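# Examination of the molecular architecture
Listed below are the residues making up each chain.
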Amino acid sequence: MTFECNEDDEFDRPPPPRVIPRNCGQLLGRLDELLPFLYIAQYGASQKDLRAQRTDVAPGLFAVAACTGGDRPGLAPRVGLVLPVGLCRDEKLRAALLDIASLVTDPGQARVSDQRRAVQDKLNAAFAGDLVIADQETLDGFFALKPGPGLFHRLQAAFDYVTEVLDDTAGVVHVTGTSRFRWRTYGELMEWYHTHHESEGSCGWYPLIPFFVTGNTGALYEFVTERYARVGLSTPMEEPSKWFVLRPNLPDAKLGVRLEMRSHGWARLQLTLDATTATISLSNVYDPFEELIAWCRKIDEGDLPIQMEIDEEGKEAVLTVLRTDDPARVLLRVSRKYPDEIMLEGILTRSTLAHTLQAELCRFFTSEFDPEHWDQGRADDPNTDYIGIKDRMLNHPWLVSAGCNTEQLHPTVN
């Protein structure tokens, strides 16, 4: 599938700067460190392919989009394995592929037919006829090739593929992990790929095509921009206190709040009213804690109604607090954005909600929060004065006002 690019499209609005450790999904940073590379990939990529961050099943399936020209330029995504020429262990083969990159990026005055012939001569020198320029392909920096029967033996003998990167959305993709190309035949790779890669909307096996990539790439920001840009707090239009009053003798719901540290950059928020619990996953990729504290503070100060969204990497939870006719009591609702469903709803006192949330946030960041994955890729950058999430939260004025601060954790030594 190809997506058109217009001046007002999200394609032209990259996400705010962020370093993302990933072993799959769309590469958003510049590919300077990878180019040139062989790319064994299928045409097209699903929304899941583009938004993925991490997998334990098939690391190394990265999405890269090719820029398309013509009257309606756009981006055509693919998903597959990246084999950088710079990692090739065969010196003669590596040199031939680097020559191809030079021929493609700087063809000089050569006619198209002469350029194709020169590139094919280099491919023959490298792969002995097992890799041929596909018919009708223009050598635009991202072009398809046709594999011969011996290609995969040659790749297995000489190439590594990328399995882990630090993806800087405002900079360069840095390779942090590689693995030997281990598939001896096209059939072996197809079986592995389609066993571990879920294709949306089709039961068929898409073919895997070798591409040679020297540039002409882009990123489909429209799938991620909203999630990297902080949505922040919002004021819902709903005001039940204008039209309804609470039923006489309606008891407050019994509130429970629990934050739990999970593994690999995940935490969990559980909100309970009476016997009903809503569980919300918190991701280090879409860190919600600053908004969560701001939302809690608004509740504490009575600045209502107030709402926030939490992105669970594919699902959105919406936390809403509305006024009632009783100034001391509020309606708490937890819902899903898509599909629109209410997970939790009940009446309780505003002070109980605010102070319970405040106490749990203090407890969590003081005694349980593990910043390892949450600060990864940011805390080690020598060009920034990055303050870790744990210290930022514990020094937040609203939590400090509750007697929660980093001095309790890191006392000054005289």
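Source: prediction; values computed, not measured.

Definitions and cut-offs
Residues numbered from 1 in each chain as written. Predicted model: local features only at pLDDT ≥ 70, side-chain atom pairs only at ≥ 80, totals over all residues. Heavy atoms only, no water. Core = buried A, V, L, I, M, F, W, Y, C linked by side-chain atoms within 4.5 Å. Buried < 20%, exposed > 50% of the residue type's maximum accessible area, 1.4 Å probe, protein only. Contact = heavy atoms within 4.5 Å. Helix = DSSP H or I, 4+ residues; strand = E, 2+ residues; numbered from the N terminus. Polar contact = N/O pair within 3.5 Å; in protein donor to acceptor, adjacent residues only side chain to side chain. Pairing = 2+ DSSP bridges. Axes fitted to C-alpha atoms, helices over the stretch in contact; angles between N-to-C directions. Salt bridge = Lys/Arg side-chain N within 4 Å of Asp/Glu carboxyl O. Parallel < 35°, antiparallel > 145°, perpendicular 65-115°, else oblique. Left-handed = near helix turned anticlockwise from the far one by under 90°. pLDDT = per-residue confidence, 0-100. Expected span 1.5 Å × (residues − 1).

So, on to the nonpolar core. Counting residues in hydrophobic clusters, the biggest one holds 46 residues, and the most contacted among them are Phe289, Trp295 and Leu319. If we ignore the near neighbours within four places in the chain, the residues touching Phe289 are Leu259, Ala267, Leu282, Phe364, Phe365, Phe369, Trp374 and Met393. Judged by nonpolar contacts, the second largest core, of 44 residues, contains Leu131, Leu155, Ala158 and Phe159.

Now for the environment of Asp49. When you line up the elements, Asp49 lands in helix H1 (residues 47-51). As for Asp49 and Arg78, which are separated by 29 residues in sequence, their C-alpha atoms are 9.2 Å apart. Of note is the side chain of Asp49, whose polar atom sits 2.9 Å from the backbone nitrogen of Ser46. Reaching out from Asp49, the side chain makes a polar contact with the side chain of His197 at a distance of 2.8 Å.

Attention now moves to the sheet that holds strand S13 (residues 255-261). For sheets, the rule is that strands pair by backbone hydrogen bonds, running either parallel or antiparallel. Spatially, S13-S14-S15 is the arrangement adopted by the 3 strands of the open sheet, whose pairing is antiparallel. The strands lining the two open edges of the sheet, one partner per strand, are S13 and strand S15 (276-283). In this sheet, adjacent strand axes meet at a mean angle of 15° when their direction is disregarded. Here S13 runs beside strand S14 (residues 266-273); their pairing, made up of 7 bridges, is antiparallel. Within the sheet, the bridge partner assigned to Gly256 lies in S14 and is Thr272. Across the sheet, helix H8 (residues 350-367) lies against S13 and S14, angled at about 20° from S13, the strand it touches most.

In spatial order, the strands read S2-S9-S10; together these 3 strands make up an open sheet with antiparallel pairing. On the outer flanks of this sheet lie strand S2 (19-22) and strand S10 (173-180), each paired with one strand and no other. The average angle at which neighbouring strand axes cross in this sheet is 25°, direction not considered. Of the strand pairs in this sheet, strand S9 (residues 160-168) and S10 are connected by 7 bridges, and their pairing is antiparallel. Its bridge partner lying in S10, Asp160 is registered against Arg180.

Let us now look at the pattern of salt bridges. On inspection of all chains with the given rule, the structure shows 24 salt bridges. Between Asp160 and Arg89 there is a salt bridge; the shortest N-O distance is 2.4 Å. Taken together, the residues Asp160 in strand S9 and Arg89 in the loop between strand S6 (74-84) and helix H2 (91-105) connect sequence positions 71 residues apart. With relative accessibility at 14%, the residue Asp160 sits in the buried group. One continuous salt-bridge network, built from bridges that share partners, spans Arg89, Asp160 and Arg180.

It is a general feature of regular strands that their side chains alternate between the two faces of the sheet. By the criterion of burial, strand S11 (residues 209-213) is predominantly enclosed, with 5 of the 5 residues buried. Of the two faces of S11, the one carrying Ile209, Phe211 and Val213 and the one carrying Pro210 and Phe212 are both buried. Sheet analysis places strand S4 (residues 37-43) next to S11, joined by 5 bridges and oriented antiparallel. Across the sheet, residue Ala41 finds its bridge partner in S11, namely Ile209.

Let's shift gears to unusual backbone geometry. Negative phi values dominate among residues other than glycine, just as trans dominates among peptide bonds. Residue Pro36 follows Leu35 across a cis peptide bond; omega there is -15°. Looking at the element boundaries, Pro36 is found in the loop between strand S3 (25-26) and S4. In the segment running from Leu304 into Pro305, the intervening peptide bond is cis, with an omega of 0°. Relative to the helices and strands, Pro305 is located in the loop between helix H7 (289-301) and strand S16 (306-311).

Our next topic: the packing of H2 against helix H3 (residues 112-127). Helix-helix packing is characterised by the crossing angle of the two axes and by the distance between the axes. Across the interface, H2 lies against H3 with an axial gap of 8 Å and an inter-helix angle of 170°. If you check the angle between H2 and H3, you find them roughly antiparallel. At the point where H2 passes H3, the crossing takes the left-handed sense. Together, Lys92, Leu93, Ala96, Leu97, Asp99, Ile100, Leu103 and Val104 of H2 and Gln115, Ala118, Val119, Lys122, Leu123, Ala125, Ala126 and Phe127 of H3 make up the contact between the two elements.

As a further point, take the confidence of the model for the chain. The predicted model of the chain averages 86 in pLDDT, with 85% of residues at 70 or higher. When mean pLDDT is taken per element in the chain, S4 scores highest with 97 and strand S1 (residues 3-4) scores lowest with 48. Here residues 406-414 is modelled with pLDDT under 50, and outside its nearest four sequence neighbours on either side it reaches 9 contacts, counting other chains as well.

Take H3 next. If you check H3, its first and last C-alpha atoms are 22 Å apart, about what 16 residues at 1.5 Å a residue would give, namely 22 Å. Buried residues along H3 sit against S4, H2, strand S7 (131-133), strand S8 (142-147) and helix H4 (151-158). In the stretch just after H3, Ala128 is the one whose phi turns positive, near 55°.

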